[in-house]
Amino acid sequence: MAKKLVFVVGIVFMCVCAAMAEAEYMKYKDPKQPLNVRIKDLMKRMTLEEKVGQMTQIDRTVASNEVMKKYFIGSVLSGGGSVPAKQASPETWIDMVNDYQNGSLSTRLGIPMIYGIDAVHGHNNVYKATIFPHNVGLVISFIMDRDPILVKKIGAATALEVRATGISYAFAPCIAVCRDPRWGRCFESYSEDPKIVRAMTELIPGLQGEIPPNSRKGVPFLAGQDKIAACAKHFVGDGGTNKGMNENNTIINGHDMFSIHMPAYYDSVRKGVATIMVSYSSWNGVKMHSNRALITGFLKNKLRFRGFVISDWEGIDRMTTPPHANYTWSILTGIQAGIDMIMVPSKYQEFIDGLTKLVKNKFIPMTRIDDAVSRILRVKFVMGLFENPLGDYSMAKYLGSKEHRELARVAVRKSLVLLKNGKYAHQPLLPLPKKATKVLVAGSHAHNIGNQCGGWTIEWQGKSGNITTGTTILTAVKNTVDPGTEVVYQENPSADYVKSNKFSYAIVVVGEPPYSETFGDSLNLTIPDSSISTIKNVCGGTVKCVVVLISGRPVAIQPYVDKMDALVAAWLPGTEGQGVADVLFGDYGFTGKLSRTWFKSVDQLPMNVGDKHYDPLYPFGFGLTTKPIKAA
């Protein structure tokens, strides 16, 4: 009898254990389960508060382990210049990200957060990262080679450097088609030609990995833990605003919108882009953050995009004038338009309370919330965040690596466009001789990493000065010339100084100061008076001069071109200035071609290739070439 009792107890115990095991088994935590099964299993377990938290993105300045846990926050970001500490190491970044992540993992369901950052020309917020040329220059090599392999390599290198800081999501690429250089974000655009912008979506497989053949269209993809989620932006028409004014109104018909500004989104969705960011701008008076027809009707339903749609920074706030004037309406309109995650970024309690009340009072249906959250979870599952939520300290070695800096140097060489070479065609100035008696290097941008990199570098607006590790153009010149050549640097020498010093030749490096977004909007597109003064003092006299122009777009230079012996458009080359010297001195030839039309006068703007009255200073696709000098 005792044996039978023991047997029965044993059976009961095994059944209880099996039941407990079954109760503890959660399909969403099992990577072997199909993606949609995991999403549905997790969704049915979530409360409204947990779902609303997933739709909320906050800046790191208001984030903490406790905030992540209490409000179920779905995402954290670093805005421009938002860093854990000045000149923070990769390990410091990882410590911060992991602390926030541990807060998320300690919640009831343990849903990991996703950390995003503007890595738009390399991991540009981070000290000692490799800073690549901005998009306006990055595309130049494609025009010549018709091969986007370089941009894909840059995407892969950027992914590694972002991972080096524990981050897994970048707000890139910008696939705006800038149709007017007066726009302060034109340097973030690859070209005025939509066909070229479409080709440059190859940055996406660089960042995320190559999507497998026969993949389901529109479903986001990430190849592994050395890749990051990408974000195509800004949907849509941000590069076509009236007079190039940032966040303004794009006044065009449907044909032009869908043939100029929309095509790159077709390619981005096809390549498995994880997220898409909505533009601040309007289309014919309708704010994009409220445009349900395009966000839900076209992007989600027609293109079948299955990742998540994210707002821009305080994007729903700016739907009213003044911003945040009717926040309840902004939440209602933005969410109903189809935006899935809101970049709040600081007043998260107000957003969470507002959205929760709108759902509870049935102004926003639960189906819309479920659509948004399922998209966010889809991206997180695809990214492998549930299996690998924490930053990996072993990745820190990739930040600013020698291989990445060499890749950036190659990109700089290919980005340069030679616009003039000699006052007479049969007497070219470039390439410059390495062996000379005395060489003058002048200009505000010659020995200034910040000016060389432009906006979105270390800080949102960028900053003048040697703000991060890199090689200035002056240093590059000194590295390149013959040891017996004397290099003299004067930022803005007087004309008398230039005449009296018997220089063999002069290199003048001038251009725009750093800027970003609205701060860069310009109706006149002039360069600073100090740059003009340097050109006048150095060029046009007894010394032959080459002007290296650092700018994020074509600028007003026609009145000064005759004074120059040679002119190089170097755009915003980033930290690897050695690439400029490589070409100036003939180790490599000039091959770049303009991806933008260079106007004579701002009165001609907007003017793009194919326009009826096309009369540029330098046309789209223009660029002189030189051959490399063979070493003796």
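Refer to the structure above for everything that follows.
A. Highlighting a positive patch on the surface. Taken together, Lys423, Lys536, Lys544 and Lys563 make up a surface patch of like positive charges. Within the secondary structure layout, Lys423 lies in the loop between β12 (417-421) and β13 (438-442).

B. Up close: the nonpolar core. Ranked by size, the top nonpolar core spans 184 residues in total, and within it Phe235, Leu355, Leu430, Ile507, Leu584 and Trp598 carry the most contacts. The element that contributes the greatest number of residues to this core is helix α16 (residues 366-382), accounting for seven residues. With near-sequence residues (within four places) excluded, Leu355 lies in contact with Val52, Met55, Ile331, Ile335, Ile364 and Ile369. Grouped together as the second largest cluster of nonpolar side chains are six residues, Phe599, Val602, Leu605 and Met607 included.

C. A look at the sheet that holds strand β11 (residues 342-343). Overall, parallel pairing links the five strands, which are arranged β4-β3-β2-β1-β11 in an open sheet. Both outer strands of the open sheet, β4 (169-170) and β11, are each paired with one neighbouring strand and no more. Where strand β2 (residues 75-78) meets strand β3 (residues 114-117), four bridges bridge the pair, whose relative direction is parallel. Within β3, the residue paired with Ser78 across the bridge is Ile117.

D. Expanded view of the environment of Gly80. Looking at the secondary structure, you find Gly80 in the loop between β2 and α5 (90-105). Accessibility expressed as a relative area gives 30% for Gly80, which makes it partly exposed. Ignoring anything within four residues of it in the chain, the contact list for Gly80 reads Asn125, Trp456, Glu459 and Trp460.

E. Local environment of the state of the cysteines. Inspection of the entire model under this criterion finds two disulfides. Put simply, Cys539 and Cys545 are joined by a disulfide, and their sulfur atoms are 2.0 Å apart. Across the S-S bond linking Cys539 and Cys545, the dihedral sits near 115 degrees, which makes this disulfide right-handed. By sequence order of its bonded cysteines, the protein chain has the disulfide arrangement 1-2, 3-4. Here Cys174 is not cross-linked by a disulfide; its sulfur's nearest cysteine counterpart is in Cys178, at 9.3 Å. Overall, the relative accessible area of 4% leaves Cys174 in the buried class. Residue Cys453 stays outside any disulfide, its sulfur separated by 18 Å from that of Cys174, the closest cysteine. Judged by its relative accessible area of 0%, Cys453 falls in the buried class.

F. Looking closely at the pattern of salt bridges. By the definition in use, this model includes 30 salt bridges. The salt bridge involving Arg38 is made with Glu387; its shortest N-O contact spans 2.6 Å. Of the two residues, Arg38 is situated in helix α2 (residues 35-45) and Glu387 in the loop between α16 and α17 (402-415); the sequence distance between them amounts to 349 residues. Assessed through its relative accessible area of 5%, Arg38 is described here as buried.

G. A look at helix α15 (residues 348-360). Here α15 spans 18 Å end to end across 13 residues, near enough to the 18 Å set by a 1.5 Å rise per residue. Turning to α15, its buried residues are Tyr348, Phe351, Ile352, Gly354, Leu355, Thr356, Leu358 and Val359. Elements in contact with the buried residues of α15: α3 (48-54), β1 (56-59), α4 (65-71), α14 (327-337), β11 and α16. Two residues or fewer after α15 comes Lys362, characterised by a positive phi angle close to 65 degrees.

H. Quick peek at the sheet that holds strand β8 (residues 282-283). Strand order in the open sheet formed by three strands is β6-β8-β9, and the pairing between neighbours is mixed. Every interior strand has two partners, whereas the edge strands, β6 (249-250) and β9 (286-287), have only one. Where β6 lies against β8, two bridges are found, and the strand directions are parallel. Looking across to β8, one finds that Thr250 is bridged to Trp283.

I. How the structure looks around the pairing of β2. Burial along β2 is two-sided: Ser75 and Leu77 facing one way and Val76 and Ser78 facing the other are all buried. Alignment of β1 against β2, held across three bridges, turns out to be parallel. In the strand pairing of β2, Gln57 is matched with Ser75. What joins β1 to β2 is α4, and the crossover it makes is right-handed. Of the crossover connections in this fold, the one passing from β2 over α5 to the parallel β3 is right-handed.

J. Region of interest: the side chain of Arg405. Residue placement: Arg405 occurs in helix α17. At a separation of 2.9 Å, a polar atom in the side chain of Arg405 contacts the main-chain carbonyl oxygen of Lys128. Contacts of Arg405, omitting those with residues within four sequence positions, involve Lys128, Ala129, Thr130, Gly400, Thr469, Gly470, Thr575 and Glu576.

K. Main features of the packing of aromatic side chains. Counted by the stated rule, this structure contains 16 aromatic pairs. Relative to Phe171, the ring of Tyr169 lies with its centre 5.0 Å away and its plane at 75 degrees, an arrangement referred to as edge-to-face. When sorted by exposure, Tyr169 lands in the same class as Phe171, which is buried. Each member of the aromatic cluster is reached from another via a ring pair, and the members are Phe258, Tyr266, Trp283 and Phe298. Lying across the ring of Tyr588, Arg413 places its NZ or CZ 3.7 Å from the centre. Positioned over the ring face of Phe503 is Lys438, at 5.3 Å from the centre of the ring.

L. Just the packing of α14 against α15, in detail. Following both chains from N to C, one finds α14 and α15 inclined at 65 degrees, their axes separated by 10 Å at the closest point. As summarised for this structure, α14 and α15 are arranged roughly perpendicular, according to the angle between their axes. Along this stretch, α14 crosses α15, giving a crossing that reads as right-handed. Listed contacts from α15 to Tyr327, Thr328, Ile331, Leu332 and Ile335 of α14 are Glu350, Phe351, Gly354, Leu355 and Leu358. Taken together, the residues that form the contact of α14 with α15 break down as seven nonpolar, two polar and one charged.

Each value, and the rule that gives it
- Residues numbered from 1 in each chain as written.
- Predicted model: local features only at pLDDT ≥ 70, side-chain atom pairs only at ≥ 80, totals over all residues.
- Heavy atoms only, no water.
- Patch = residues over 30% accessible without salt bridge, like charges linked within 9 Å, V, L, I, M, F, W, Y side chains within 5 Å.
- Areas by Shrake-Rupley, 256 points an atom, 1.4 Å probe, with all protein chains shown as cover.
- Salt bridge = Lys/Arg side-chain N within 4 Å of Asp/Glu carboxyl O.
- Lys, Arg positive; Asp, Glu negative; His and termini not counted.
- Charge placed at Lys NZ, Arg CZ, Asp CG, Glu CD.
- Helix = DSSP H or I, 4+ residues; strand = E, 2+ residues; numbered from the N terminus.
- Core = buried A, V, L, I, M, F, W, Y, C linked by side-chain atoms within 4.5 Å.
- Buried < 20%, exposed > 50% of the residue type's maximum accessible area, 1.4 Å probe, protein only.
- Contact = heavy atoms within 4.5 Å.
- Pairing = 2+ DSSP bridges.
- Disulfide = S-S within 2.5 Å.
- Expected span 1.5 Å × (residues − 1).
- Right-handed = clockwise from strand over helix to strand, strands pointing away.
- Polar contact = N/O pair within 3.5 Å; in protein donor to acceptor, adjacent residues only side chain to side chain.
- Phe/Tyr/Trp six-rings, centres within 6.5 Å; stacked < 30°, edge-to-face > 60°.
- Lys NZ or Arg CZ within 6 Å of the ring centre and 35° of its normal.
- Axes fitted to C-alpha atoms, helices over the stretch in contact; angles between N-to-C directions.
- Parallel < 35°, antiparallel > 145°, perpendicular 65-115°, else oblique.
- Left-handed = near helix turned anticlockwise from the far one by under 90°.
- Nonpolar A, V, L, I, M, F, W, Y, C, P; charged D, E, K, R; others polar.

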